[in-house]
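The residues making up each chain are set out below.
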Amino acid sequence: MNVLVTGGAGFIGTNVIRKLLSEKINITILDNFNKQIHGDKGEIAPDLQGKVKVVVGSVTDKNLFHKVLDGQDVVVHLAAETGTGQSMYEVERYEDVNIKGTAILMDYIVNCKDSRIRKIVVASSRAIYGEGKYKCEKHGIVYPDRRTTEDMISKQFEPICPLCKGVCEMLLTDEDSLIHPSSFYGITKQMQEQMVLLFARAVGISAFALRYQNVYGPGQSLKNPYTGILAIFSNQARLNQPIYIFEDGKESRDFVYINDVVEATWRCISDESVGVAALNVGSGEKITVLRVVDEIIRYFSSESVVTVNGVFREGDIRHNIADLTKAKKTIGYEPKWEFAQGIVKFLDWVKAEGEGEDEGTCSLEYEKSLEEMKARGLMHG
């Protein structure tokens, strides 16, 4: 089997490739080694070097992308810009990479008569759901609209029923839930997913859109200030720097450990049936930001001063926890890692990785990213 992994030098891609190598699969990577993610490292992980073919370039380069697609059996399409907040002002950049790049892939699928591609696995996102699925006492199942600036200024952070404006209760979000993203990043992931599933059906190949929740684990970028509160808070706690928690800290996420993400992705790659499906990939576990900070502070015995400051960003959601019923039924996916286990593994790695690192760089980049949002009126409080 020949497998192309776009964005294969990234966090998820690197770990998926390790699994593919253990299965004796021929692998090609297409990656542009974006400095925001990779820093000055313009190469793949040392343990992968010499074992895979690496093509340096962008999925937006049609001639290059199509050339790399020749001879491939499966495409794992991970290449994307991934910052929810950043997408709200780097609009053209996110459209170019996430939507145009995927359109170029679909162009090949439809028009190349010699294509061997029989399956595509695309990285979708929990961001496509927006606020996800809720229950209102009066109206039953509802899908709250994007939270208003006025409500959040008045500290009303919980989503409200779109019909009666009453507070509602979060439910696990399944794949049949309403898709209504609250950020431009979410819109681009929705477009990626729908394009892949649409054209796969049209040409009769298999496709899986994996709606990854908040993926974390050893090896993720500690330098990218636009994604990952685990990385940001870990750097701050390790260096005893102040930690500021947005909103009231009770916002929650579904943190899924990288090993579980690799397993779900591999199950899709190796699945022999011909089908098209969108699947949640998460832990199904509700973890608040307050708990995240508490776990990190305790691990490092940190002296960081923690402040819950009520600040909020446009495009952020309040809660979204995955219902994994369909993934279990379709590919037999069941998460093995609970947050209490995974966070320790992650922090062990952060502790080792951070030794000798420039102590000011990460914080300065994070502060810069917040200032960019404030300057555009996308951050309040």
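The rules behind these values
- Residues numbered from 1 in each chain as written.
- Predicted model: local features only at pLDDT ≥ 70, side-chain atom pairs only at ≥ 80, totals over all residues.
- Heavy atoms only, no water.
- Phe/Tyr/Trp six-rings, centres within 6.5 Å; stacked < 30°, edge-to-face > 60°.
- Helix = DSSP H or I, 4+ residues; strand = E, 2+ residues; numbered from the N terminus.
- Expected span 1.5 Å × (residues − 1).
- Bend = angle between axes of the 7 residues up to and from the residue.
- Buried < 20%, exposed > 50% of the residue type's maximum accessible area, 1.4 Å probe, protein only.
- Polar contact = N/O pair within 3.5 Å; in protein donor to acceptor, adjacent residues only side chain to side chain.
- Contact = heavy atoms within 4.5 Å.
- Pairing = 2+ DSSP bridges.

Participant: Please clarify how the packing of aromatic side chains should be interpreted in this entry.
Facilitator: The geometry of an aromatic ring pair comes down to the distance between the two centres and the angle between the two planes. A complete count under the given rule lists eight aromatic pairs for this structure. Pairwise contacts between aromatic rings join Y216, F255, Y257, W337, F339, F346 and W349 into one cluster.

Participant: So what exactly am I meant to see when it comes to helix 4 (residues 91-111) here?
Facilitator: Turn by turn, an α-helix covers 3.6 residues, leaving residues three or four places apart pointing in a common direction. For helix 4, with 21 residues, the first-to-last C-alpha span of 29 Å sits near the 30 Å given by 1.5 Å per residue. At K100, helix 4 shows its maximal kink, close to 25 degrees.

Participant: Which parts of the structure should I look at to understand the side chain of S182?
Facilitator: The residue S182 is located in the loop between strand 8 (169-170) and helix 6 (184-203) in this model. Classification of S182 as buried rests on a relative accessible area of 9%. One polar contact links the side chain of S182 to the main-chain carbonyl oxygen of G315, over a distance of 3.2 Å. With residues up to four places along the chain from it excluded, the contact list for S182 reads A127, G130, R146, G315 and I317.

Participant: So what exactly am I meant to see when it comes to the sheet that holds strand 7 (residues 140-142) here?
Facilitator: By way of backbone hydrogen bonds, the strands of a sheet pair with one another, either parallel or antiparallel. With respect to topology, three strands assemble into an open sheet ordered 7-6-8, the strand pairing being antiparallel. Of all strands in the sheet, those bounded by a partner on one side alone are strand 7 and strand 8. Here strand 6 (residues 134-136) pairs with strand 7 via three bridges, running antiparallel. Bridged to C136 within strand 7 is G140.

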